[in-house]
Number of protein chains: 2
Amino acid sequence: MLENFSEITIESPADKISRQIRELILSGQLKPGDRLPPERKLAEKFGVGRTYVREALQKLEFYGILKTQPQSGTVVAGMGITALEGLISDILQLENSDFASLVETRVLLETQAATLAAKRRTPEDLINIQKALDAYQEKVLREEQGVEEDLMFHLKIAEASKNSVLKSLMLIITPDIVNSFIKLDICKAGRFHRALEEHQIILDHIANQEPEKAGAAMRVHLKDVLDYSYTLKNGRLNGTD
Amino acid sequence: MLENFSEITIESPADKISRQIRELILSGQLKPGDRLPPERKLAEKFGVGRTYVREALQKLEFYGILKTQPQSGTVVAGMGITALEGLISDILQLENSDFASLVETRVLLETQAATLAAKRRTPEDLINIQKALDAYQEKVLREEQGVEEDLMFHLKIAEASKNSVLKSLMLIITPDIVNSFIKLDICKAGRFHRALEEHQIILDHIANQEPEKAGAAMRVHLKDVLDYSYTLKNGRLNGTD
DNA sequence: GACTAGCAATTGGTCGACCAATTTTTCAAT
DNA sequence: ATTGAAAAATTGGTCGACCAATTGCTAGTC
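Calculation criteria
- Residues numbered from 1 in each chain as written.
- Chains lettered and ligands numbered in written order.
- Predicted model: local features only at pLDDT ≥ 70, side-chain atom pairs only at ≥ 80, totals over all residues.
- Heavy atoms only, no water.
- Helix = DSSP H or I, 4+ residues; strand = E, 2+ residues; numbered from the N terminus.
- Buried < 20%, exposed > 50% of the residue type's maximum accessible area, 1.4 Å probe, protein only.
- Contact = heavy atoms within 4.5 Å.
- Areas by Shrake-Rupley, 256 points an atom, 1.4 Å probe, with all protein chains shown as cover.
- Near = heavy atom within 4 Å.
- Polar contact = N/O pair within 3.5 Å; in protein donor to acceptor, adjacent residues only side chain to side chain.
- Nonpolar A, V, L, I, M, F, W, Y, C, P; charged D, E, K, R; others polar.
- pLDDT = per-residue confidence, 0-100.
- 1 Å grid on protein atoms, 1.4 Å probe; cavity = no way out; pocket = protein on both sides within 12 Å on 5 of 7 lines; lining within 4 Å.
- Points joined across faces, edges and corners; volume = space filled by probe spheres on them.
- Salt bridge = Lys/Arg side-chain N within 4 Å of Asp/Glu carboxyl O.
- Core = buried A, V, L, I, M, F, W, Y, C linked by side-chain atoms within 4.5 Å.
- Axes fitted to C-alpha atoms, helices over the stretch in contact; angles between N-to-C directions.
- Parallel < 35°, antiparallel > 145°, perpendicular 65-115°, else oblique.
- Left-handed = near helix turned anticlockwise from the far one by under 90°.
- Pairing = 2+ DSSP bridges.
- Expected span 1.5 Å × (residues − 1).
- Arc of directions from axis to C-beta.

## Re the overall build of chain A
Moving on, step 1. The number of helices and strands found in chain A is nine helices and two strands.
Moving on, step 2. Reading the secondary structure of chain A in the N-to-C direction produces α-α-α-β-β-α-α-α-α-α-α.
Moving on, step 3. When each of the 241 residues of chain A is scored for burial, the buried share is 47%.
Moving on, step 4. The long-range share in chain A, meaning contacts at least 24 apart out of those at least 6 apart in sequence, stands at 72%.
Moving on, step 5. Within the structure as shown, chain A displays about 12,900 Å² of accessible surface, and the carbon and sulfur contribution to it stands at 51%.

## Observations regarding the protein's contact with DNA strand C
Moving on, step 1. As a matter of local geometry, DNA strand C sits amid 21 residues, with Pro 38, Arg 40 and Arg 54 of chain A together with Thr 51 and Tyr 52 of chain B nearest to it.
Moving on, step 2. Glu 39 of chain A places a polar main-chain atom, nitrogen or oxygen, 3.0 Å from a phosphate oxygen of DNA strand C.
Moving on, step 3. Here a base nitrogen of DNA strand C and a side-chain polar atom of Gln 71 of chain A are 2.8 Å apart.
Moving on, step 4. Mapped by element, the contributors of at least two residues to the surface near DNA strand C are helix H2 (39-46), helix H3 (50-62), strand E1 (66-69) and strand E2 (73-76) of chain A together with helix H3 (50-62) of chain B.
Moving on, step 5. It is H3 of chain B that provides the largest number of residues to the surface near DNA strand C, a total of three residues.
Moving on, step 6. Here the surface near DNA strand C is composed, by residue class, of four nonpolar, 10 polar and seven charged.

## Remarks on the confidence of the model for chain A
All names here are of chain A.
Moving on, step 1. Averaged over all residues, the pLDDT of chain A equals 78, while 76% of them reach at least 70.
Moving on, step 2. Across chain A, the secondary-structure element scoring lowest on mean pLDDT is helix H7 (residues 164-184), at 73, and the one scoring highest is helix H4 (residues 99-120), at 92.
Moving on, step 3. The model gives residues 80-95 a pLDDT under 50, and that stretch makes 36 contacts with residues more than four places away or in other chains.
Moving on, step 4. Of the regions scoring below 50 in pLDDT, residues 236-241 engages in six contacts with residues more than four places distant in sequence or in other chains.

## So, unusual backbone geometry
Moving on, step 1. Here Lys 162 of chain A, not a glycine, exhibits a phi torsion of approximately 60 degrees, which is positive.
Moving on, step 2. Summarising the element assignment, Lys 162 of chain A is placed in the loop between helix H6 (147-160) and H7.

## Here's the deal with the layout of surface pockets
Once rolled over the atoms, a probe with the size of a water molecule shows which space is left empty.
Moving on, step 1. Considering only enclosed or pocket space, the second largest pocket measures out at about 740 Å³ in volume.
Moving on, step 2. Of the residues contributing to the lining of the second largest pocket, the split by class is 11 nonpolar, six polar and 12 charged.

## A closer look at the protein's contact with DNA strand D
Moving on, step 1. The environment of DNA strand D is made up of 19 residues, and the closest members are Thr 51 and Tyr 52 of chain A together with Pro 38, Arg 40 and Arg 54 of chain B.
Moving on, step 2. One of the side-chain N or O atoms of Arg 40 of chain B is found 2.6 Å from a base oxygen in DNA strand D.
Moving on, step 3. Mapped onto the surface near DNA strand D, the elements with two or more residues apiece are H3 of chain A together with helix H2 (39-46), H3, strand E1 (66-69) and strand E2 (73-76) of chain B.
Moving on, step 4. Counting residues per element, the surface near DNA strand D draws most heavily on H3 of chain A, at three residues.
Moving on, step 5. Broken down by class, the residue content of the surface near DNA strand D amounts to three nonpolar, nine polar and seven charged.

## Quick notes on the pattern of salt bridges
Moving on, step 1. As enumerated under the stated definition, the model contains 20 salt bridges over all chains in all.
Moving on, step 2. When the shortest N-O distance is used, the salt bridge between Glu 39 of chain A and Arg 54 of chain A registers 3.1 Å. With Glu 39 of chain A in helix H2 and Arg 54 of chain A in helix H3, the pair connects residues that are 15 residues apart, well separated along the chain.
Moving on, step 3. Between Glu 198 of chain B and Arg 194 of chain B there is a salt bridge whose closest N-O contact spans 3.4 Å.

## Observations concerning the nonpolar core
Moving on, step 1. Leu 109 and Ile 157 of chain A together with Leu 109 and Ile 157 of chain B are the most contacted members of the largest nonpolar core, which has 86 residues in total.
Moving on, step 2. When sequence neighbours within four positions are dropped, the list of residues in contact with Leu 109 of chain B reads Leu 108, Leu 109 and Leu 169 of chain A together with Leu 166, Leu 169, Met 170 and Ile 173 of chain B.

## Concerning the packing of H3 of chain A against H3 of chain B
Moving on, step 1. In contact at an axis separation of 12 Å, H3 of chain A and H3 of chain B are set at 50 degrees when each is read in the N-to-C sense. Between H3 of chain A and H3 of chain B, the crossing angle belongs to the class labelled oblique. Where H3 of chain A crosses over H3 of chain B, the handedness of that crossing is right-handed. Contacts between H3 of chain A and H3 of chain B involve Glu 55, Gln 58, Lys 59 and Phe 62 of chain A from the former and Glu 55, Gln 58, Lys 59 and Phe 62 of chain B from the latter.

## Observations regarding the pairing of E2 of chain A
Residues and elements named next belong to chain A.
Moving on, step 1. Where E1 meets E2, four bridges bridge the pair, whose relative direction is antiparallel. Each residue of the ladder has a partner; that of Gln 69, found in E2, is Gly 73.
Moving on, step 2. In this antiparallel pair of consecutive strands, E1 and E2, the connection spans three residues, and Gln 71 shows a positive phi of 55 degrees.

## What about the environment of Gln 130 of chain B?
All names here are of chain B.
Moving on, step 1. Relative to the helices and strands, Gln 130 is located in helix H5 (residues 123-141).
Moving on, step 2. With relative accessibility at 29%, the residue Gln 130 sits in the partly exposed group.
Moving on, step 3. With residues up to four places along the chain from it excluded, the contact list for Gln 130 reads Gln 200 and Leu 203.

## Some remarks on H5 of chain B
Residue and element names in this part refer to chain B.
Moving on, step 1. Taking 1.5 Å per residue as the helical rise, H5 with its 19 residues ought to reach 27 Å, and the 27 Å between its terminal C-alpha atoms agrees with that figure.
Moving on, step 2. Those residues of H5 that fall on the buried side of the exposure criterion are Asp 125, Leu 126, Ile 129, Ala 132, Leu 133, Tyr 136 and Val 140. Buried residues along H5 cover an arc of 130 degrees about the axis, so they all sit on one side. Across H5 from its buried face, at more than 90 degrees, point the exposed residues Pro 123, Glu 124, Lys 131 and Leu 141.
Moving on, step 3. Two residues or fewer past H5, Glu 143 is found with a positive phi of approximately 65 degrees.

The following block contains the structure:
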């Protein structure tokens with residue numbers, strides 16, 4: 001009986017507004033450079049207070065779609081990109097992502113980061129990575145979890161890759177990874193000790209400027225997790241909450 | 001003389017507040033699960049109206065750092081992840097990213113997307129990609145630019161990869177790519193015709209389920225851009241503004 | 001007739017007030 | 001003393017009002 005109910009739309013007022021504006025842009029009624037109606041008019045049109053309109057505009061501006069100029073108006077900034085469809089509505093809704101995609105992508109990013117880091121790392125980078133590794137080791141030796149320190153190690157590698165976008169993207173998906181880890185309770189005891197050794201191997205390859213080996217070592221390091229995620233996907237899907 | 005001036009901080013009030021809150025979290029004074037002071041108290045403490053505080057909280061919630069519960073309070077949601085440092089302050093500030101990083105990462109994502117798409121594409125995916133390709137072709141034959149259609153083609157491939165995270169990340173960096181393209185005026189005439197052929201090749205490989213070839217074809221397709229970005233980087237840096 | 005100075009209207013920015021839901025306190029009945 | 005409900009205080013949600021800056025119009029001058 002319960003199955004007859006469909007999921008309620010938890011869409012906030014601001015979301016509804018931003019969606020309408022987005023549709024206007026997508027449909028071509030609003031072209032880049034066009035000025036939007038003033039907030040007051042929009043608020044009246046939508047039948048809500050200006051607060052919601054402003055919230056929606058802020059969100060859109062956040063995405064780079066709009067550009068609001070004080071005491072002047074709000075204009076459509078972005079390119080008339082059709083790809084906007086689906087982008088804005090729930091960008092960053094990586095929470096909806098299945099764990100397998102998350103891990104798969106992480107492996108991709110991390111491998112590339114390690115490879116590039118081996119090519120481009122400076123002596124300072126090595127020091128930073130070593131520091132992160134030391135902090136991790138300290139935690140592990142105390143039989144603590146050290147998830148943060150683990151991530152910091154990977155982050156320092158991303159920095160050493162000298163690819164800012166790569167680092168940013170890793171930062172974006174990392175929280176979701178961690179959340180999934182916690183939910184799925186992947187972090188078995190003992191895992192950390194081996195991870196420590198693997199970290200050391202990766203660092204060595206980066207230090208020796210061996211891009212392929214560094215990438216391969218990273219891939220090995222993450223292989224367990226990747227395999228596990230595939231297992232989850234192919235087996236019965238864990239509800240994750 | 002002008003050099004003596006330092007760049008002004010254009011930091012909005014909301015940014016200042018969110019930064020302070022973030023520092024509290026990073027310093028450990030606010031741990032996950034803790035409730036933040038009420039908005040009114042914060043507003044009073046910061047000496048601003050509640051509006052700014054709410055704006056800051058919304059932004060933080062956006063990043064998944066905070067979780068605001070109506071009529072109850074706002075709590076720290078995220079894991080106590082140390083990696084937060086630098087993350088929140090300007091996540092997504094990919095605008096600051098250099099073009100080379102942008103392109104380099106795009107190549108990585110796109111190649112992987114093509115490879116996975118060749119493995120996992122359904123007949124429907126092929127139809128969608130073909131549609132996008134047709135739309136692109138139409139534009140090109142009219143001697144128009146068709147940047148949007150180009151991107152749509154790539155986006156459909158990402159969808160066919162069945163990796164939602166991959167697609168999301170591509171969506172995130174795509175606008176920046178387009179902006180850079182426009183700024184740098186990379187889209188030379190004639191480029192589009194060859195791109196069309198290359199698109200067809202990629203699609204064929206995906207249709208034939210040849211992952212390696214599809215990935216390679218994508219890499220070739222993006223090689224020009226990648227090379228150009230390296231040229232820019234090694235030569236004098238174009239200010240792009 | 002063209003141009004400019006000045007005024008009026010409109011804009012986004014900011015704020016405090018009100019609302020409903022929740023939480024805490026209070027106090028009376030057991 | 002404990003427990004229960006009811007009331008009071010506090011919470012985030014929402015809104016309209018005020019502010020200063022910009023814009024556009026208008027009238028006055030050359």
